[in-house]
Amino acid sequence: MKTEKPKLYIASCSFGKDSIATILLALENGKPLDRVVFAEVMFDHERNITGEIPENIQWIKEIAIPKLEAMGVKVDIVRAKDDYMSVCRRKFKEPKANGTVYYGVQNSKPCYANTYLKLEPIKRYYKEIGKGFDIIQYVGIASDEPARLKRLEGTNKISLLDKYGYTEAMAMAKCQEYSLVSPCYSMDSRCGCWFCFNANINRYISIRKNHPEYWQAFKDLYYETGSKSFVYSQTLEQIERRMDAKELNNKLQLSLF
């Protein structure tokens, strides 16, 4: 007879509202939770520039993780050997370009950062820690995200948010209840890499203003790799003009009060 493997319950956590609320619901409802894994995407290993906004990675490591560990949660941090800069500098043959070209700065799906710098180290982590176990993954997908929930069918992934009827708004309220709301929500409706092509333009403005060395490193990479566009099928120059206009508009609105 085939012996059933013991189960290992792991929550994949980005430290956004949905994944944190998932952990809190597991604790509140006595659900098994052996570990939490956080994949820290790196922009540049050499200069220790992470994909998180600096304020957020500090909050994760100095506030959020200690709070969870005080509740009895074991949190592991994993990183890929590569970083965003090395991925963008990879070359491939492009017949239309008559030779080889860089991958370049990301401007379309599938996301380089998510594929190479987040999913791969998490898969490696599961393989190493899950020897001899059946791994059950808790994922932060809310009850009002039917398309994403549909993709969980037939997998080893469970949404506790859906199980307990939690919408995205309710997930945020749960995080607020425990004072575990990421500072990234002060400038965007979602968390994620500061250089992401899905980020809100306010996040780009914040990085350029508060961490100019990060923004310059990004611009250098953009030009070095000959990237043609960044977001919304627009060049970096066009995006920066939008950022300038947005900043000016914000200043004009403040001057009215």
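Shown above is the structure to which this text applies.
### With respect to the sheet that holds strand E9 (residues 157-158)
- On the basis of which strands lie adjacent, the open sheet formed by five strands has the order E5-E2-E1-E8-E9 and parallel pairing. Whereas interior strands pair on both sides, the edge strands pair on one side only; in this sheet they are strand E5 (75-78) and E9.
- As paired strands, strand E1 (residues 7-12) and strand E2 (residues 35-39) are joined by three bridges and run parallel to one another. Residue pairing in the sheet places Ser-12 in a bridge with Val-37 of E2.
- Against the sheet, helix H2 (residues 54-70) contacts E2 and E5, and its axis sits at roughly 150° relative to E5.

### Points about unusual backbone geometry
- A positive phi is found at Asn-48, a non-glycine position, where the angle reads about 55°.
- Tracing the backbone shows Asn-48 in the loop between strand E3 (42-44) and strand E4 (49-50).
- Even without a glycine there, the phi angle at Ser-179 is positive, about 55°.
- Within the secondary structure, Ser-179 sits in the loop between helix H7 (168-177) and helix H8 (201-210).

### A short note on the packing of aromatic side chains
- Scanning the entire structure with this criterion turns up 14 aromatic pairs.
- Ring geometry for Tyr-125 versus Tyr-126: centroids 5.9 Å apart, planes at 55°, classification tilted. Here Tyr-125 matches Tyr-126 in class, with each residue buried.
- Three or more aromatic residues joined by ring pairs make a cluster, and in this case those are Phe-43, Tyr-84, Trp-194, Phe-195, Tyr-204, Tyr-214, Trp-215 and Phe-218.
- Its end group placed over the ring of Tyr-116, Arg-90 keeps NZ or CZ at 4.6 Å from the ring centre.

### Considering the pattern of salt bridges
- For the structure shown, the criterion picks out 18 salt bridges.
- Close ionic contact of Asp-18 with Lys-17 constitutes a salt bridge, the shortest N to O distance being 3.6 Å. A single burial state applies to Asp-18 and to Lys-17, both of which are buried.
- The salt bridge involving Lys-61 is made with Glu-40; its shortest N-O contact spans 3.2 Å. On the criterion of sequence distance, the pair formed by Lys-61 in helix H2 and Glu-40 in the loop between E2 and E3 is long-range, its members being 21 residues apart.
- A relative accessible area of 3% places Glu-40 in the buried class.
- One network of salt bridges, with partners in common, ties together Arg-208, Lys-219, Glu-240, Asp-244 and Glu-247.

### Looking at the pairing of E2
- Of all five residues in E2, four are buried; the element is thus mostly enclosed.
- Each parallel crossover has a hand, and for E1 linked through helix H1 (residues 17-28) to E2 it is right-handed.
- Where E2 and E5 come together, four bridges link them in parallel fashion. Paired with Val-36 across the two strands is Val-75, which belongs to E5.

Reading the values: rules and limits
- Residues numbered from 1 in each chain as written.
- Predicted model: local features only at pLDDT ≥ 70, side-chain atom pairs only at ≥ 80, totals over all residues.
- Heavy atoms only, no water.
- Pairing = 2+ DSSP bridges.
- Helix = DSSP H or I, 4+ residues; strand = E, 2+ residues; numbered from the N terminus.
- Contact = heavy atoms within 4.5 Å.
- Axes fitted to C-alpha atoms, helices over the stretch in contact; angles between N-to-C directions.
- Phe/Tyr/Trp six-rings, centres within 6.5 Å; stacked < 30°, edge-to-face > 60°.
- Buried < 20%, exposed > 50% of the residue type's maximum accessible area, 1.4 Å probe, protein only.
- Lys NZ or Arg CZ within 6 Å of the ring centre and 35° of its normal.
- Salt bridge = Lys/Arg side-chain N within 4 Å of Asp/Glu carboxyl O.
- Right-handed = clockwise from strand over helix to strand, strands pointing away.

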